[in-house]
Amino acid sequence: IESQLIEKLVARALRNSRKEGGAGAGAGGVGEGEAAVSNENLRQACEQIFQEYVDQRLIQSLQKEIRQVVQNKLLEFGNSEAFKALLDGRFRIMENYLRGEVIPKAIERHLEKGTA
């Protein structure tokens, strides 16, 4: 655990104990019930800070890892035979369309203009 996390925990615990100690200490100090409440609040504060810390670190770590995994998978797919076959199929479809429809119609229009 990093020292910043520990410092945050201690600072928050001190703030909470000052707030609670000033309000209900009375003449005899903190009673058992008040100490239990104070300990529970401290525990909850520690859990919250720790969860925030873990969430932040986890998000940063996962972002890097996800980016690397996606890049690696894209590179693998780009170099695979499946991708090459998919790309060849798409180009074949375009080539057939050009040869079967576009070029003949363009030649036909050109010939009609020349004979007219």
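Residue numbers run consecutively from 1 along every chain, following the written order of its sequence. Totals for whole chains, interfaces and linings use every residue, but because this is a predicted model, local features are given only for residues with pLDDT of at least 70 and side-chain atom pairs only at 80 or more, for both listing and counting. As a rule here, side-chain values come from all non-hydrogen atoms in the structure, and water together with hydrogens is ignored.

Structural notes on a nonpolar patch on the surface
A surface patch of nonpolar side chains, amounting to about 540 Å² of accessible area, comprises Tyr97, Leu98, Val102, Ile103, Ile107 and Leu111. Secondary structure counts use DSSP, requiring at least four H or I residues in a row for a helix and at least two E residues in a row for a strand, with both numbered from the N terminus. Take Ile107: it is sitting in helix H3 (residues 81-115). Patch definition: residues with relative accessible area over 30% and no salt bridge; like charges joined within 9 Å; nonpolar side chains (Val, Leu, Ile, Met, Phe, Trp, Tyr) joined within 5 Å. Exposure was quantified through the Shrake-Rupley algorithm and a 1.4 Å probe, taking into account, for residues, occlusion by the shown protein chains and nothing else. A pair is scored as a salt bridge if a Lys or Arg side-chain nitrogen falls within 4 Å of a carboxyl oxygen belonging to Asp or Glu.

Side note on the confidence of the model for the protein chain
Per-residue confidence for the protein chain averages 78 on the pLDDT scale, and 72% of its residues sit at or above 70. Within the protein chain, helix H1 (residues 3-24) has the poorest average pLDDT of any element, 64, and H3 the best, 93. Scored below 50 in pLDDT, residues 23-30 shows five contacts in the model against residues more than four places distant or in partner chains. Each residue gets a pLDDT score, which is the predictor's confidence in that residue and runs from 0 to 100. What makes two residues a contact is simply this: any of their non-hydrogen atoms within 4.5 Å.

As for H3
To estimate how far a helix should reach, multiply one less than its number of residues by 1.5 Å. With 35 residues, H3 extends 49 Å between its outermost C-alpha atoms, agreeing within 8% with the 51 Å of an ideal straight helix rising 1.5 Å per residue. One fitted axis covers the seven residues ending at a residue, a second covers the seven starting there, and the bend at that residue is the angle between these axes. Taken as a whole, H3 carries its principal kink of about 40° at Leu98.

Notes on the pattern of salt bridges
Opposite charge on two side chains permits pairing when their charged atoms draw close. A full pass over the atoms with the stated rule returns three salt bridges. Here Lys84 makes a salt bridge to Glu81, at a shortest N to O gap of 4.0 Å. A residue pair is termed a helical-turn pair when its members lie 3 or 4 positions apart in one helix, as Lys84 and Glu81 do in helix H3 at three residues. Judged by its relative accessible area of 40%, Lys84 falls in the partly exposed class. Each residue is assigned to one of three classes by its accessible area relative to the maximum for its type, calculated with a 1.4 Å probe on protein chains only: buried under 20%, partly exposed between the two thresholds, exposed over 50%.

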